[in-house]
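A closer look at the structure
Below, each chain spelled out in residue letters.
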Amino acid sequence: AKVAEGTGPDVASVGSQAWADSDPQKLVEGVHCDDPSQQLLAVTQFRKLLSIERSPPIEEVISAGVVPRFVQFLQCGDNPMLQFESAWALTNIVSGASEHTRVVIANGALPIFVQLLLSPNSDVREQVVWALGNIAGDSPECRDLVLSEGALQPLLKLLEPSAKLSMLRNATWTLS
């Protein structure tokens, strides 16, 4: 679901102020360190910033240069919480403007998202469905990219009768 952009300087400053208050340099260092627990803490903080309802600091997060690292973290199959938080942060980035979606695609997230539709972790799968839905919903070109990566069959497989209702809703929305 694309996030509606707010209006007025007070709305625009909500995310920017939260970004400024978050000690961005420390968060960037946490993402780039080698300690998985620090990585998870930093990615979770980024995700929380990107989850601000009104004017999340998407531009600031992209400018901090952490998107490639979030994409790397998607591949940490031995750390599903890190995968989940990274997928959620990227989902929030692709809920922004088309140029934000293009940054995530350009960093190679799309084929990894499609692979993660087969993750053994249901939370990771569900978050990836949401990310793919946001990407596909961005434009006909992005929809075609999602389909060309082979997302259709694994998405359809997620529509099994035993699936959680939230997964059924998200997968149906993504397929639409």
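As shown above, the structure is provided for reference.
What comes next is a walk through the structure. (Residues numbered from 1 in each chain as written. Predicted model: local features only at pLDDT ≥ 70, side-chain atom pairs only at ≥ 80, totals over all residues. Heavy atoms only, no water.)

**Focus: the environment of T44**
- Here T44 is to be found in helix α3 (residues 36–50).
- Taking the C-alpha atoms as reference points, T44 and L27, 17 residues apart in sequence, are found 9.7 Å from one another. (Helix = DSSP H or I, 4+ residues; strand = E, 2+ residues; numbered from the N terminus.)

**Notes on the nonpolar core**
- Within the largest apolar cluster, 49 residues are counted, with the highest numbers of intra-cluster contacts made by F46, F70, L90, I93, F113 and L132.
- The biggest single contributor to this core is helix α9 (residues 122–136), with seven residues.
- With residues up to four places along the chain from it excluded, the contact list for I93 reads L50, I58, V61, I62, V67, F70, H100 and V104. (Core = buried A, V, L, I, M, F, W, Y, C linked by side-chain atoms within 4.5 Å. Buried < 20%, exposed > 50% of the residue type's maximum accessible area, 1.4 Å probe, protein only. Contact = heavy atoms within 4.5 Å.)

**Notes on the environment of A163**
- Looking at the element boundaries, A163 is found in the loop between α11 (152–157) and α12 (165–175).
- Taking the relative accessible area as the measure of exposure, A163 reaches 17% and is therefore buried.
- Separated by 50 residues in the primary sequence, A163 and F113 place their C-alpha atoms 19 Å from one another.
- Beyond its immediate sequence surroundings of up to four residues, A163 is in contact with L158 and L168.

**Digging into the pattern of salt bridges**
- For the structure on display, the rule yields four salt bridges.
- For E85, the salt bridge identified is with R47, shortest N-O distance 2.6 Å. Here E85 is found in helix α6 (residues 80–93), whereas its partner R47 is found in helix α3, with 38 residues between them in sequence. For the pair E85 and R47, one class covers both residues: buried.
- The partner of K164 in a salt bridge is D123, with the nearest N and O atoms 3.9 Å apart. Here K164 is found in the loop between α11 and α12, whereas its partner D123 is found in helix α9, with 41 residues between them in sequence.
- Owing to a relative accessible area of 43%, K164 belongs among the partly exposed residues under this scheme.
- When its relative accessible area of 40% is taken as the criterion, D123 is described as partly exposed.
- In the salt-bridge network here, residues are joined through shared partners; they are D123, E126 and K164. (Salt bridge = Lys/Arg side-chain N within 4 Å of Asp/Glu carboxyl O.)

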